[in-house]
Amino acid sequence: MSENETVVDAVVSTVTPDDTVEQAEEPIPCDNKEQEQPAVNGPLTDENTTANLSKRQRKKLLKLASWEEKKKAKRLKEREKYKLKKLEAIERGLPVRIGPSRKELKRRVIDYSQATIEIAVDLSFDSMMIDKDVAKCVKQLLRMYTLNRRAPRPVPLHFTGIVADGAVQRHLSRYDGYKHWDVKVSSSHFLDLFPRDRLVYLTSESENVLERLEPNDVYVIGGLVDHNQHKGHCYRLSQELGVRHARLPLAEHLVIKTRTILTINQVFEIMLHIHAGRDWQSTLLEVLPQRKGAVPKESLVSNDAEDTNQDIEKC
């Protein structure tokens, strides 16, 4: 055996199966921007590495390195917490898993036979969002797709108006296989895909209250994440296009102390529950974040009545 062969054998023998798995699980950058980013796990304190960086860049690198360490600890804590919950469920004889597994979802073919409505997301707002908000928008689309896959009564879902080579398309392309989702992705405007008389644009500024879902209607959700900078834009757009518009009955069922602005996926989740036969009030209370402090209107009325009766008794 030659000296070179001996060196190769020594190197191969040091690679364990665990090392192979770790290398395989390492994420591959999807674009050049991520490839050019300095490694946060490297020797950040090396003078040669940071000599040409500004104070702000060095501070950013240190912050990223700190975040990476915290993320690892957080993931480890989450795994331990999941294991404990699983053991407790087994001891109490409870089901370990709620809902289908990921493997089952991948094999599942969505059945739209019971769907009476369709939902479209208008994604023609590339120029009105900064890149950070576009990324948030696409994450909400991913959440919508997941909700629909797991729903007992899914609805046909459409992503419309995607600008070719635009920001939304660029962020979507970072998710491998998005073109194979059970979603109809199109660059066409929703008016080119559906008859005008079937469309209902959902906007919080509308004076029309959506009390029930009408069969065969297509409900359009504005895919605009702008932190209320373009307030009323979707409402004005629906009027300009001559499309019917409506708002969710939040004020009719709840008392909310904060703003009633909902995310794209929250609106979609509410529509899914209503389509499945749930009532508005319980659905809104379940989907709305607790920080909004939503309270059922009936409970407020009953509490006021009780306070009035107590005051009368005191008199």
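The structure presented is a predicted model; accordingly, all values stated were derived computationally and were not measured. (Residues numbered from 1 in each chain as written. Predicted model: local features only at pLDDT ≥ 70, side-chain atom pairs only at ≥ 80, totals over all residues. Heavy atoms only, no water.)

1. Focus: the UniProt feature "binding site: S-adenosyl-L-methionine" (unreviewed entry) in the protein chain
Residues annotated in UniProt with the feature "binding site: S-adenosyl-L-methionine" (unreviewed entry) correspond here to L202, G222, C234 and L248. A compact arrangement is adopted by the annotated residues: their sequence extent is 47 residues, whereas the largest C-alpha distance between any two is 14.3 Å. Of the annotated residues named above, the ones that line the second largest pocket are L202, G222, C234 and L248. Note that L202 resides in strand 4 (residues 199–202). (UniProt positions renumbered as here; feature names shortened; annotations may be inferred. 1 Å grid on protein atoms, 1.4 Å probe; cavity = no way out; pocket = protein on both sides within 12 Å on 5 of 7 lines; lining within 4 Å. Helix = DSSP H or I, 4+ residues; strand = E, 2+ residues; numbered from the N terminus.)

2. Some points on the sheet that holds strand 1 (residues 118–122)
Sheet architecture is open: six strands sit in the order 3-2-1-5-4-6, paired in parallel fashion. Edge positions in the sheet fall to strand 3 (184–185) and strand 6 (244–246), since each has one partner strand and no second. Helix 7 (residues 131–150) contacts strand 1 and strand 2 (157–160) of the sheet and is inclined by roughly 165° relative to strand 2. (Pairing = 2+ DSSP bridges. Contact = heavy atoms within 4.5 Å. Axes fitted to C-alpha atoms, helices over the stretch in contact; angles between N-to-C directions.)

3. Things to note about unusual backbone geometry
With a phi angle near 60°, D165 is a residue other than glycine that sits in the positive phi range. If you trace the backbone, D165 turns up in the loop between strand 2 and helix 8 (167–172). Even without a glycine there, the phi angle at N216 is positive, about 75°. Take N216: it is sitting in the loop between strand 4 and strand 5 (218–222).

4. Comments concerning the environment of S127
Summarising the element assignment, S127 is placed in the loop between strand 1 and helix 7. Residue S127 is classed as exposed on the basis of its relative accessible area, which comes to 74%. Sequence spacing of S127 and G166 is 39 residues, and the spatial spacing of their C-alpha atoms is 9.0 Å. (Buried < 20%, exposed > 50% of the residue type's maximum accessible area, 1.4 Å probe, protein only.)

5. Thoughts on the confidence of the model for the protein chain
Confidence in the prediction for the protein chain averages 79 pLDDT; 73% of positions are at 70 or higher. Here residues 1–45 scores under 50 on pLDDT; set against residues more than four positions off or in separate chains, the count is 21 contacts. Throughout residues 300–305 the model reports pLDDT below 50, and contacts reaching past four residues in sequence, or to other chains, amount to two contacts. (pLDDT = per-residue confidence, 0-100.)

6. Things to note about the layout of surface pockets
Put simply, the second largest pocket is a space of about 940 Å³. Forming the walls of the second largest pocket are 33 residues, and the residues nearest its centre are S204, T260, I261, L262 and T263. Going through the elements one at a time, strand 5, helix 10 (233–241), helix 11 (250–253) and helix 12 (264–275) are the ones with two or more residues in the lining of the second largest pocket. (Points joined across faces, edges and corners; volume = space filled by probe spheres on them.)

7. Observations regarding helix 12
End to end, helix 12 covers 17 Å across twelve residues, agreeing with the expected 16 Å (1.5 Å per residue, within 8%). Turning to helix 12, its buried residues are I264, N265, Q266, V267, F268, E269, I270, M271, L272, H273, I274 and H275. Contact partners of the buried residues in helix 12: strand 1, helix 7, strand 2, strand 4, strand 5 and helix 13 (280–287). Just downstream of helix 12, G277 is the residue with a positive phi angle, here 105°. (Expected span 1.5 Å × (residues − 1).)

8. Here's the deal with the nonpolar core
Most often, soluble globular proteins have nonpolar side chains that are buried together. With 59 residues, the main nonpolar core has F159, L210, L248, F268, I270 and M271 as its most contacted residues. Among residues more than four places away in sequence, those in contact with F268 are I119, M144, L147, N148, V155, L157 and I221. (Core = buried A, V, L, I, M, F, W, Y, C linked by side-chain atoms within 4.5 Å.)

9. Re the pairing of strand 4
By the alternation rule, side chains of strand 4 split into L199 and Y201 and V200 and L202, which are all buried. Relative to strand 6, strand 4 runs parallel, the two sharing three bridges. Paired with Y201 across the bridge in strand 6 is H245.

10. Considerations on a nonpolar patch on the surface
A cluster of nonpolar side chains, L84, L87 and I90, forms an exposed patch at the surface whose accessible area comes to about 300 Å². Its place among the elements puts I90 in helix 5 (residues 55–91). (Patch = residues over 30% accessible without salt bridge, like charges linked within 9 Å, V, L, I, M, F, W, Y side chains within 5 Å. Areas by Shrake-Rupley, 256 points an atom, 1.4 Å probe, with all protein chains shown as cover. Salt bridge = Lys/Arg side-chain N within 4 Å of Asp/Glu carboxyl O.)

11. Things to note about a positive patch on the surface
The grouping of K55, R56, R58, K59 and K63 at the surface amounts to a positive patch. Following the sequence through the fold, R58 ends up in helix 5. Judged by relative accessible area, which is 32%, R58 ranks as partly exposed. (Lys, Arg positive; Asp, Glu negative; His and termini not counted. Charge placed at Lys NZ, Arg CZ, Asp CG, Glu CD.)

12. Some thoughts on the side chain of H273
Looking at the secondary structure, you find H273 in helix 12. A residue is classified by how much of its surface remains accessible, and H273, at 18% relative accessible area, is buried. Setting aside residues no more than four positions away along its own chain, H273 makes contact with R278, T283, E286 and V287.

13. Description of the pairing of strand 1
A regular strand carries its side chains on alternate faces of the sheet. Summarising burial for strand 1: five of the five residues are buried, a large majority. Along strand 1, one buried face is formed by E118, A120 and D122 and the opposite face, lined by I119 and V121, is buried too. In the sheet, strand 1 pairs with strand 5 via five bridges, with the strands oriented parallel. Within strand 5, the position partnered with V121 by the bridge is I221. Inspection of the sheet shows strand 1 paired to strand 2 by four bridges, in the parallel sense.

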